[in-house]
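Geometric and topological summary
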Amino acid sequence: MKIPGPDHPITVLPTPKRVRVSAAGVVIAETSRALTLKEASYPAVHYIPRQDAKQEFLERSNRSTHCPYKGDASYFSIKAGDTTLENAVWSYEEPFPAMREIKDYLAFYPDKVTIEQLDAG
């Protein structure tokens, strides 16, 4: 386990806008409670509260990965209509203590889904 610091900074902040995630023309998640995680030089990632995602479209896969800063990630595929997007979603279900803010949140690959930021309200 590594701790974020000056050599590998990670920040987690509330996203100021509503975030909508859709795939195959179906809204998979929408929330005003998203978090934006910025890690080192990587693109920012929106994390959506699990309860704000439509679980009926998510199917757990066998894939898992390990991040030395965040912990072990579990993956989900999206099944919407006749479309299956393999491993399009990940979640740190038991993140390391430094990343506890993202527990019970989901992140979506932006090349597999449409992620929109909408005005609040």
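Our subject is the structure that appears above.
To keep things clear, this report deals only with the structure shown in the data block.

Procedures and definitions
By convention here, each chain's residues receive numbers from 1 onward along its written sequence. Totals for whole chains, interfaces and linings use all residues, but because this is a predicted model, local features are given only for residues with pLDDT of at least 70 and pairs of side-chain atoms are given and counted only at 80 or more. With hydrogens and water set aside, each side-chain value is computed from the structure's full complement of heavy atoms. Think of a salt bridge as a Lys or Arg side-chain nitrogen and an Asp or Glu carboxyl oxygen that are within 4 Å of each other. Under the DSSP-based scheme used, a helix requires at least four consecutive residues in state H or I and a strand at least two consecutive residues in state E, with every element numbered from the N terminus. To sort residues, take the accessible area from a 1.4 Å probe on protein chains only and compare it with the maximum for the residue type: under 20% means buried, over 50% means exposed, and anything in between is partly exposed. Here, a strand pair is defined by DSSP locating no fewer than two bridges between the strands. A fitted line through C-alpha atoms serves as each axis, taken over the contacting stretch for helices, and the angle formed by two N-to-C directions is quoted from 0 to 180°.

Right, let's talk about the pattern of salt bridges for a bit. By the definition in use, this model includes 9 salt bridges. Put simply, K17 and D119 hold a salt bridge, and the shortest N to O gap is 3.6 Å. Placement of the pair is K17 in the loop between β1 (10–14) and β2 (18–23) and D119 in the segment after β10 (114–118), with a sequence separation of 102 residues. Using a relative accessible area of 60% as the deciding quantity, one classes D119 as exposed. One salt bridge connects R20 with E30, and the closest N-O pair in it is separated by 2.9 Å. Here E30 lies in strand β3 (residues 26–31) and R20 lies in strand β2, a separation of 10 residues in the sequence.

Let us look at the sheet that holds β3. Here we have 3 strands laid out as an open sheet, ordered β3-β2-β10, and antiparallel in their pairing. Either end of the sheet is taken by a strand with one partner, and the two such strands are β3 and β10. On average, each strand axis in the sheet is tilted by 20° relative to the strand beside it, whichever way the strands run. Sheet topology note: the β2/β10 ladder contains 5 bridges and is antiparallel. Within β10, the position partnered with V19 by the bridge is Q117.

The next subject is the sheet that holds strand β4 (residues 35–39). A sheet is described by the order of its strands in space; here 7 strands give the open sequence β1-β4-β5-β9-β8-β7-β6, paired in antiparallel fashion. Looking at the sheet topology across the chains shown, the edges are occupied by β1 and β6 (58–67). On average, each strand axis in the sheet is tilted by 35° relative to the strand beside it, whichever way the strands run. Of the pairings in the sheet, the one linking β6 to strand β7 (residues 71–80) comprises 7 bridges and is antiparallel in character. Across the sheet, residue T65 finds its bridge partner in β7, namely A73.

Here we take up the pairing of β7. Where burial is concerned, most of β7 is hidden: 8 out of the 10 residues are buried. Counting the residues in the hairpin turn of β6 and β7 gives 3 residues. In terms of strand pairing, β7 meets strand β8 (residues 83–91) through 6 bridges, oriented antiparallel. Pairing of I78 across the sheet is with L85, part of β8. Counted along the chain from β7 to the antiparallel partner β8, the turn is 2 residues long, and its residue G81 has a positive phi close to 60°.

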